[in-house]
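# Structural characterization, general
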Amino acid sequence: MSALLQVKDLKVGFRQDGKLTQAVKGVSFDVHRGEVVALVGESGSGKSVSALSTVSLLGDSAEVSGSVTYDGQEMIGADDRLLRKVRGNDISFIFQEPMTSLNPLHTIEKQLTESIALHQGIIGPDARARVLDMLDKVGIRDAESRLGSYPHQLSGGQRQRVMIAMALSNKPDILIADEPTTALDVTIQAQILELLADLKDEEGMGLLFITHDLGIVRRIADRVCVMQHGEIVETGPTKDIFDNPQHPYTKKLLGAEPSGAPAPVPADAPVIAETQNLKVWFPIHKGFLRRVAGHVKAVNDASMTVKAGETLGIVGESGSGKTTMALAIMRLISSKGLISYMGQDIRAWSTKELRKLRKDMQIVFQDPFGSLSPRMTCAQIISEGLAIHNVDPDRAERELVTEVMQEVGLDPATMDRYPHEFSGGQRQRIAIARAMVLRPKLLVLDEPTSALDMTVQVQIVDLLRNLQEKYGLAYLFISHDLKVVRAMSHKVMVMKQGDVVEQGVANDLFENPQTDYTRQLLQASH
């Protein structure tokens, strides 16, 4: 039986300033109906470029050759009418960064119903019912109350689930999923993978799954294609690749997993940040007069301390209040309860008083593309804070930028490129470098490794631990990846729907969890 999607000798290059850079070099693979094919490899290996080429979604600077056929129809060089029919209907995409894929000016309901109306001709109550059904299937709690929300009002994981619902709502023949679970906690990740498997079996959908998470690949893929430097270096049935890898690069990928533990916290380490009975409630306004009809209780009664050289890992499902708590500690959103920094109560501090603390309190966001200015080069992004905070004025900015880029595993020769010229993992490293160059005392890391492949995750974990030991940094480490949390954290806080359900020393919590919810999280991560 012929493949539903056939890619033969695909070559993709990008032309800039008269020079052609080859990103994909003669890649070939097939996806059959009801089959899951995984493309794995490090950031920048050509996985996403190969996928985007299938329905001509690359920019004008791309030069594409070879053949891509869907159901016998050639996609390379196809006219716009055919491509419009296929895109989002026959071949759907789930992209890696949902905030850049969702329209910030439209509600979730409008964006989902628009897609269904465009491709299925379903409108009105029937479209709304389909939307609610899909949102429920992808794990959006109380979906009806979320229909009027805008993307910025959802957590990163919730936005990703909306993207997945949008992609699946038209029941495509082929689903191309580009890191679809990076922003999802382990319980929802398991739910989404089960959903995709069910749809594959029920609808005979073919799935091209792009990921750096080999645990997911082992769980759902039928075949694996391993990519390195734009080429497929090894391909075969999943079991064969995992049990008997032939290529040195495949062996390296399979051996990469965060391990070890952070250095012990010095006995005399000062407390950097502390909260007592922290509460963040967002009012719900209703009616013509916009009266407060209730509250979204994002964080309830959270108390914690983090010392110099210590990491507090914060885990829980998307929407549990992890990021909201960190933003409140940074005084970026309003809250009630004690917030202390270096022994000083900063609740009543003015914006001007807080400004001098900003160098010491930095944050690395979950979505690097959304937090990096598209109009600034890598060097400008990293060095921006140096001038604002007058850091190390005796040294040249480019020298400091070069140093920190090397620390986070970026080539300093790329410092004059713009964010869109980097892969997702490379953009995350730029965001980490931007925070690290100021040498803060407290660093909030909001899913800092979610966009990174396994080998780079190991490097970043080692880097963060080394910098912590060297400079005595305090970390608030927010993540759904429990392996990374275990490798990074001295203490762990487990949150659920705004409540702290368990807190303690990392090893004790992982070895002997006290609550059913923590046990459920740990079970879902295996």
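Okay, so let's go over this structure. In this text the structure is predicted, and so the values were computed from the model without any measurement. (Residues numbered from 1 in each chain as written. Predicted model: local features only at pLDDT ≥ 70, side-chain atom pairs only at ≥ 80, totals over all residues. Heavy atoms only, no water.)

### Thoughts on the overall build of the chain
Which entries qualify depends on this criterion: Helix and strand assignments come from DSSP, with helices taken as H or I runs of at least 4 residues and strands as E runs of at least 2, each series counted from the N terminus. Within these notes, the globule rule equals 2.2 Å times the number of residues to the 0.38 power, and the radius of gyration is based on C-alpha atoms. Note on exposure labels: buried denotes an accessible area under 20% of the residue type's maximum, exposed denotes more than 50%, and partly exposed covers the range between, all computed with a 1.4 Å probe on protein chains only. Exposure was quantified through the Shrake-Rupley algorithm and a 1.4 Å probe, taking into account, for residues, occlusion by the shown protein chains and nothing else. When charges are counted, Lys and Arg contribute as positive and Asp and Glu as negative, whereas His and the chain ends are disregarded. Just so you know, the charge point we use is NZ for Lys, CZ for Arg, CG for Asp and CD for Glu.
The secondary structure content of the chain amounts to 21 helices and 20 strands. Since a compact globule built from 526 residues should have a radius of gyration of about 24 Å, the 23 Å found for the chain is in line with a globular shape. Seen through its principal axes, the chain has C-alpha atoms that stretch 70 × 55 × 45 Å. The buried share among the 526 residues of the chain stands at 53%. Element-wise, carbon and sulfur atoms account for 48% of the exposed surface of the chain, whose accessible area totals about 23200 Å². Within the chain, one finds 58 positive and 66 negative side-chain charges whose respective centroids are separated by 5 Å.

### Points about the sheet that holds strand β4 (residues 62-70)
How we decide: Following DSSP output, two strands are said to pair if at least two bridges run between them.
Taken together, four strands build an open sheet; the order of strands is β2-β1-β4-β5 and the sheet is antiparallel. Lying at the two open borders of the sheet, with one neighbouring strand each, are β2 (19-31) and β5 (73-74).

### A look at the pattern of salt bridges
Stated precisely, the cut-off is as follows: Salt bridge, as used here, is a side-chain nitrogen of Lys or Arg placed within 4 Å of a carboxyl oxygen of Asp or Glu.
Evaluated as defined, the whole model comprises 21 salt bridges. The partner of Lys200 in a salt bridge is Asp201, with the nearest N and O atoms 3.9 Å apart. The residue Arg398 makes a salt bridge to Asp416 at a minimum N-O spacing of 3.2 Å. Placement of Arg398 in helix α16 (residues 397-407) and of Asp416 in the loop between α16 and α17 (424-436) is noted, with a sequence separation of 18 residues between them. Classification of Arg398 as partly exposed rests on a relative accessible area of 46%. With relative accessibility at 45%, the residue Asp416 sits in the partly exposed group. Connected via shared salt-bridge partners are Glu109, Arg128 and Glu144.

### Topic: the packing of helix α4 (residues 108-120) against helix α7 (residues 156-168)
Condition: Every angle, taken between N-to-C directions, lies between 0 and 180 degrees, and every axis is a line fitted to C-alpha atoms, over only the stretch in contact when it is a helix. Throughout this description, any angle smaller than 35 degrees is read as roughly parallel, any larger than 145 degrees as roughly antiparallel, any in the 65 to 115 degree range as roughly perpendicular, and the remainder as oblique. Here a crossing is called left-handed whenever its near helix is offset anticlockwise from the far helix by less than a right angle, and right-handed whenever the offset is clockwise. What makes two residues a contact is simply this: any of their non-hydrogen atoms within 4.5 Å. Side-chain classes follow a simple rule in which Ala, Val, Leu, Ile, Met, Phe, Trp, Tyr, Cys and Pro form the nonpolar group, Asp, Glu, Lys and Arg form the charged group, and the remainder, Gly included, forms the polar group.
One can describe the packing of α4 onto α7 by two numbers: an axis separation of 9 Å at closest approach and a directional angle of 20 degrees. Here α7 runs roughly parallel to α4, going by the angle between their axes. In terms of crossing hand, the pair formed by α4 and α7 is right-handed. On α7, the residues that touch Ile108, Gln111, Leu112 and Ser115 of α4 are Val162, Ala165 and Met166. For the contact of α4 with α7, the class distribution of residues is five nonpolar, two polar and no charged.

### Digging into the sheet that holds strand β3 (residues 36-40)
Paired through their backbone hydrogen bonds, the strands of a sheet run either parallel or antiparallel. Reading across the sheet, the six strands line up as β6-β7-β8-β3-β9-β10 and stay open at both edges, with mixed pairing between neighbours. The strands lining the two open edges of the sheet, one partner per strand, are β6 (91-94) and β10 (231-237). Across this sheet, the average inter-strand angle for adjacent strands is 15 degrees, counted without regard to direction. Inspection of the sheet shows β6 paired to strand β7 (residues 174-178) by four bridges, in the parallel sense. Residue Ser92 lies in a different strand from β7, and its bridge partner there is Leu175. Sheet contacts for α7: β6 and β7; angle to β6, the most-contacted strand, approximately 180 degrees.

### Topic: the side chain of Asp90
Assignment of secondary structure puts Asp90 in the loop between α2 (80-86) and β6. A relative accessible area of 12% places Asp90 in the buried class. Residues within four places of Asp90 in sequence aside, it is in contact with Tyr70, Lys85, Pro172, Asp173 and Ile174.

### Some thoughts on helix α18 (residues 454-471)
In plain terms, the rule: In this scheme, a helix's expected span is set at 1.5 Å multiplied by one less than its residue total.
The terminal C-alpha atoms of α18 lie 26 Å apart, and with 18 residues this matches the ideal 26 Å at 1.5 Å per residue to within 8%. A positive backbone phi angle near 65 degrees is found at Gly472, which sits one or two residues after α18.

### Notes on helix α8 (residues 186-203)
Residues separated by three or four positions in an α-helix point in the same direction, a consequence of the helix having 3.6 residues per turn. Across its 18 residues, α8 extends 25 Å between first and last C-alpha, which sits within 8% of the 26 Å expected from 1.5 Å per residue. Every buried residue belonging to α8 is among Val186, Thr187, Ile188, Gln189, Ile192, Leu193, Leu195, Leu196, Leu199 and Lys200, and all of these are buried. Positive phi shows up at Gly204, right after α8, with a value of about 70 degrees.

### A look at the nonpolar core
Applied cut-off: By nonpolar core is meant a set of buried Ala, Val, Leu, Ile, Met, Phe, Trp, Tyr and Cys residues that side-chain atoms within 4.5 Å join together.
Residues Ile382, Ile430, Met436, Leu464, Tyr475 and Val492 are the most contacted members of the largest nonpolar core, which totals 52 residues. Setting aside residues up to four positions removed in sequence, Ile430 forms contacts with Leu372, Cys378, Ile381, Ile382, Leu410 and Phe422. In terms of nonpolar packing, the next biggest core, distinct from the first, is built from 46 residues, Ile116, Leu147, Val162 and Ala177 among them.

### Some thoughts on a nonpolar patch on the surface
Where we set the bar: A residue counts toward a patch only above 30% relative accessible area and without a salt bridge, and it is joined to like-charged neighbours within 9 Å or, for Val, Leu, Ile, Met, Phe, Trp and Tyr, to nonpolar neighbours within 5 Å.
Residues Phe282, Ile284 and Val296 make up a contiguous nonpolar surface patch of roughly 220 Å² in combined accessible area. Take Val296: it is sitting in strand β12 (residues 291-307). Judged by its relative accessible area of 41%, Val296 is partly exposed.

### What about the packing of aromatic side chains?
The line we're drawing: Side-chain rings of Phe, Tyr and Trp, where Trp is taken by its six-membered ring, are said to pair if the distance between their centres is within 6.5 Å; with planes under 30 degrees apart they count as stacked, over 60 as edge-to-face, and otherwise as tilted. Geometrically, a lysine NZ or arginine CZ counts as sitting over a ring once it is within 6 Å of the ring centre and also within 35 degrees of the ring normal.
Throughout the structure, instances matching the rule amount to one aromatic pair. For the ring pair Phe93 and Phe95, a centre distance of 5.3 Å and an interplane angle of 10 degrees mean the geometry is stacked. Judged by relative accessible area, which is 12%, Phe93 ranks as buried. Across the ring face of Trp281, the terminal group of Lys279 is positioned such that the distance to the ring centre comes to 4.2 Å.

### Remarks on the side chain of Thr211
You can see Thr211 is positioned in strand β8 (residues 206-211). On the basis of relative accessibility, which here comes to 2%, the residue Thr211 falls in the buried class. Setting aside chain neighbours within four positions, we find Thr211 in contact with Leu39, Val40, Gly41, Lys47, Glu179 and Val217.

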